[in-house]
Each structure stands twice: as structure tokens, then as C-alpha cells.
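# Examination of the molecular architecture
Each chain, letter by letter, is given below.
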Amino acid sequence: DGDMYEGHFKRGTKSGKGKYVWANGDWFEGQWKQDEIWEGKGQQTLKDGSVYKGEFQDGVRGGSGVMKYPDGDMYEGHFKRGTKSGKGKYVWANGDWFEGQWKQDEIWEGKGQQTLKDGSVYKGEFQDGVRGGSGVMKYPDGDMYEG
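Rules behind the numbers
Residues numbered from 1 in each chain as written. Predicted model: local features only at pLDDT ≥ 70, side-chain atom pairs only at ≥ 80, totals over all residues. Heavy atoms only, no water. Helix = DSSP H or I, 4+ residues; strand = E, 2+ residues; numbered from the N terminus. Contact = heavy atoms within 4.5 Å. Polar contact = N/O pair within 3.5 Å; in protein donor to acceptor, adjacent residues only side chain to side chain. Pairing = 2+ DSSP bridges. Phe/Tyr/Trp six-rings, centres within 6.5 Å; stacked < 30°, edge-to-face > 60°. Buried < 20%, exposed > 50% of the residue type's maximum accessible area, 1.4 Å probe, protein only. Lys NZ or Arg CZ within 6 Å of the ring centre and 35° of its normal. Salt bridge = Lys/Arg side-chain N within 4 Å of Asp/Glu carboxyl O.

Take Y75: it is sitting in strand β7 (residues 74-80). Ignoring anything within four residues of it in the chain, the contact list for Y75 reads G65, V66, M67, Y69, K84, S85, G86, K87, G88, K89, Y90 and W102. Separated by 3.0 Å, the side chain of Y75 and the backbone oxygen of H78 make a polar contact.

So this is what it looks like as C-alpha cells:
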């Protein structure tokens, strides 16, 4: 099928340190357990150029890690079941960034901070990925909105 594994085996299964390259161009290097399930720290590179370095649990991104995307965006923080979940910081290639709580990959909720490339800074509550609830917005010209 074009896939390839190079590394340690135990009782006929992938176990220990190894690198697996899929026919589609994706690859993973790190710790293997029970054949095709990796755990612990490792690196995953996807065919689109995205690179994840960090912890894996039950074969998917889980725990702390950094994901760099081919467009220049980057996320550093917590992952759960393969998605951004928990505390983390996302930096867009244009200079905007958000730091706070993430849920289900790209939807943040709760308290956080968003800084825009123009220097505007919002600190406060987020709901379903947008500013919602109470917060303070400070603009580069010194103006401020609180509500």
C-alpha cells in the first residue's frame, strides 16, 4: 500500500521509537505502543505542510503541543482527542493572536485576550468564538470601551 515503518518492534508489533510514513505523505515519528497506536512525545507532519510537535494520547494529539500551519499560523497549547481544547494561544500569520480557552478545535469560550495587528487589545469574555459578555477593548489611539 506504499506505507513504511522504520523502528523498534516488540512481539511483532510496532513498539518503542519509530517513524511511520503513509503513502499520502503524512508521517509520524515518536513512541509506538501496540502496533499502530502512538503515545508520549512525537512529531506529526501532514502532506499539507502542517507540523505538530508535542504529546500524543491514544493515537491522536493530546496534551501540550505546538501546531504550525503552512500559511504561517501557529497554535501552542493543549490538545484533547486531536483538537485544540483547553488553554492555548493561536497566532495568525497577519499578526493577530488570541490566548484563552479553546473547545472543539477552533471555537474558544470563557475569558481570554485577543490582540489585533493594529494594536487593539480586547480582554474579556468570549462565546462561540467571538467577543461576548463583559470585557474591555483598548484601541491604539488610547480610546477604550468597557462593557
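Let's pick the thread back up.
Inspection of the sheet shows strand β4 (residues 37-45) paired to strand β5 (residues 51-57) by 6 bridges, in the antiparallel sense. Bridge pairing links G42 to G54 in β5. Hairpin geometry of β4 and β5 is characterised by an intervening segment of 5 residues between the two adjacent antiparallel strands and by a positive phi of about 100° at G49. Pairing geometry for β5 and strand β6 (residues 60-68), over 6 bridges, is antiparallel. From the neighbouring strand, K53 faces β6, where its bridge partner is V66. Counted along the chain from β5 to the antiparallel partner β6, the turn is 2 residues long, and its residue D58 has a positive phi close to 55°.

This model, assessed by the stated rule, comprises 17 aromatic pairs. With a centroid separation of 5.5 Å and 80° between ring planes, the pair formed by F28 and W32 is classed as edge-to-face. The residues F28 and W32 share a single accessibility class, namely buried. Aromatic side chains Y75 and F79 sit 5.1 Å apart centroid to centroid with 90° between the ring planes, which places their arrangement in the edge-to-face category. A single burial state applies to Y75 and to F79, both of which are buried. Here the basic side chain of K19 rests over the ring of W27, its NZ or CZ set 4.3 Å away from the ring centre. Above the plane of the ring of Y52 lies R61, whose end atom (NZ or CZ) is 5.7 Å from the centre.

This part takes up the pattern of salt bridges. Throughout the structure, instances matching the rule amount to 2 salt bridges. Residue D35 is joined to K14 by a salt bridge in which the shortest nitrogen-to-oxygen separation is 3.1 Å. You can see D35 sitting in the loop between β3 (27-33) and β4 and its partner K14 sitting in strand β2 (residues 13-21), a full 21 residues away along the chain. In this structure, the salt-bridge partner of D105 is K84, at a minimum N-O distance of 3.1 Å. Of the two residues, D105 sits in the loop between β9 (97-103) and β10 (107-115) while K84 sits in strand β8 (residues 83-91), which places them 21 residues apart along the sequence.

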